[in-house]
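A closer look at the structure
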Amino acid sequence: MYAITARGDSGPAGLAFDEIPDPVPGPDEVVIETVASAVNRADLLQSHGLYPPPDGAPETIGLECSGRIVELGANVADGPEWDQPHLALGAEVCALLAGGGYATRVAVPAAQVMPVPDGVPLDEAASLPEVACTVWSNLFMTADLRARPWTGRKPRLLVHGGTGGIGSFAIQLAAAFDVDVLATAGSAEKVARCRELGAALAIDYRESDFVEAVASWSEPSGEPGVDVILDVMGAKYLEQNIAALGEDGRLVIIGMQGGSKAELDITSMLGKRTGVFATNLRRRPVAGTSGKGEICRQVVENVWPLISSGAIRTQVSERFPLAEAGAALARLESGESHGKLLLEA
């Protein structure tokens, strides 16, 4: 098989396209012959030597894929716990990976393999696992973004980077669950796009202070602030995010584009009883109540029907051959891409 690996920290230009041995499935794994993989910011970080794979994961880049099952591990083939229609030879599936997606074949735990949502082409399904599992697990499993009838209002979510892959999916998913979504973006065009996706308020962070904008929007209700913030910036926004939260608010940090270290006056948190969560999907275990297997199960149950119905729209903007993965990552790094970039095996 062929696969893409990073050469040290040389970035997209230093990727290697090599022939390597085919993967062998473990007892609870399947092997997928990939049709496509999708490009994520984590892949870009790995190409620069900044995001190494977890122990035991392939060195090959890639956190998601779609394709057809070509091998079953011993337990998957014989165990009754794996008696699921999508875990069969020839089945068309997509999968959440700890690594290995930029390849023509990949071995993956069966618990992280999902059927393709109805109505989604097999290649485009590669763009779904990472973003859907990230957004669902953080908003609904970690932050518990649910309706709270006793408040007399909808839950409120602030999403930073509303037109990015994570942000655009988060806006649509939260809006589908009757959440008031506020989003930040970096241009008038992107602000308009956030509104199209379902944001009740879109804020151009170059023109406005998002803390003031959140306060102005929410204060008429008598309950200023938002309930949950989904943040990819990290240190740069930490103090402002705490200020934008309402009582019992939860800040969920999933990225460090704005740095990893910041000072925080805890007094500002005590009065509002706020909580801060920093989470990572790639290094979660497969099993357990917050493991990747359970996340995938909940995504199939709760998110796939919304995609099939059209309530959540996916956008694949460009396709690249697998051998041109470096060009795809360079495109992502340029900041000029919109929607998902696919690599076709």
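You'll find the structure just up there.
Overview of the structure.

1. Section: helix α6 (residues 210–218)
Residues of α6 that are buried: Phe210, Val211, Ala213, Val214 and Ser218. Taken around the axis of α6, the buried residues stretch over an arc of 165°, which confines them to a single face. The exposed set on the far side of α6, more than 90 degrees from its buried face, consists of Glu212 and Ser216. For α6, the elements touching its buried residues are β8 (156–159), β9 (180–185), β10 (201–204), β11 (226–231) and α7 (238–244). The opening residue of α6, the one whose side-chain oxygen lies 2.8 Å from the backbone nitrogen of valine 211, is aspartate 209.

2. Comments concerning the environment of glutamate 196
By the element assignment, glutamate 196 lies in helix α5 (residues 188–197). In this structure the C-alpha to C-alpha distance between glutamate 196 and serine 168, which are 28 residues apart in sequence, comes to 10.0 Å.

3. Observations concerning unusual backbone geometry
For aspartate 178, which is not a glycine, the phi torsion comes out positive at approximately 60°. By the element assignment, aspartate 178 lies in the loop between α4 (165–176) and β9. Despite not being glycine, aspartate 248 shows a phi value in the positive range, around 60°. Relative to the helices and strands, aspartate 248 is located in strand β12 (residues 245–253).

4. A short note on the nonpolar core
With 45 residues, the main nonpolar core has Leu139, Leu157, Phe169, Leu173, Val299, Val303 and Trp304 as its most contacted residues. Top element by residues in this core is helix α3 (residues 129–142). It accounts for seven residues. Not counting chain neighbours up to four residues away, the residues in contact with valine 303 comprise Ala132, Trp136, Phe169, Leu173, Gln298 and Ile312.

5. Looking at the pattern of salt bridges
In total, this model carries 18 salt bridges according to the counting rule given. A salt bridge links arginine 68 to glutamate 92; its shortest N-O distance comes to 3.2 Å. Taken together, the residues span a long stretch of sequence, with arginine 68 in strand β4 (residues 64–72) and glutamate 92 in strand β5 (residues 92–96) at a distance of 24 residues. Classification of arginine 68 as partly exposed rests on a relative accessible area of 37%. Overall, the relative accessible area of 41% leaves glutamate 92 in the partly exposed class. Across the salt bridge formed by glutamate 344 and arginine 319, the nearest N and O atoms sit 3.2 Å from each other. A residue pair is termed long-range when its members are at least 10 positions apart, and glutamate 344 in strand β15 (residues 340–344) and arginine 319 in strand β14 (residues 316–321) qualify at 25 residues. A single salt-bridge network, built from bridges that share partners, covers Asp123, Glu124, Arg319 and Glu344.

What counts and what doesn't
Residues numbered from 1 in each chain as written. Predicted model: local features only at pLDDT ≥ 70, side-chain atom pairs only at ≥ 80, totals over all residues. Heavy atoms only, no water. Buried < 20%, exposed > 50% of the residue type's maximum accessible area, 1.4 Å probe, protein only. Helix = DSSP H or I, 4+ residues; strand = E, 2+ residues; numbered from the N terminus. Arc of directions from axis to C-beta. Contact = heavy atoms within 4.5 Å. Polar contact = N/O pair within 3.5 Å; in protein donor to acceptor, adjacent residues only side chain to side chain. Core = buried A, V, L, I, M, F, W, Y, C linked by side-chain atoms within 4.5 Å. Salt bridge = Lys/Arg side-chain N within 4 Å of Asp/Glu carboxyl O.

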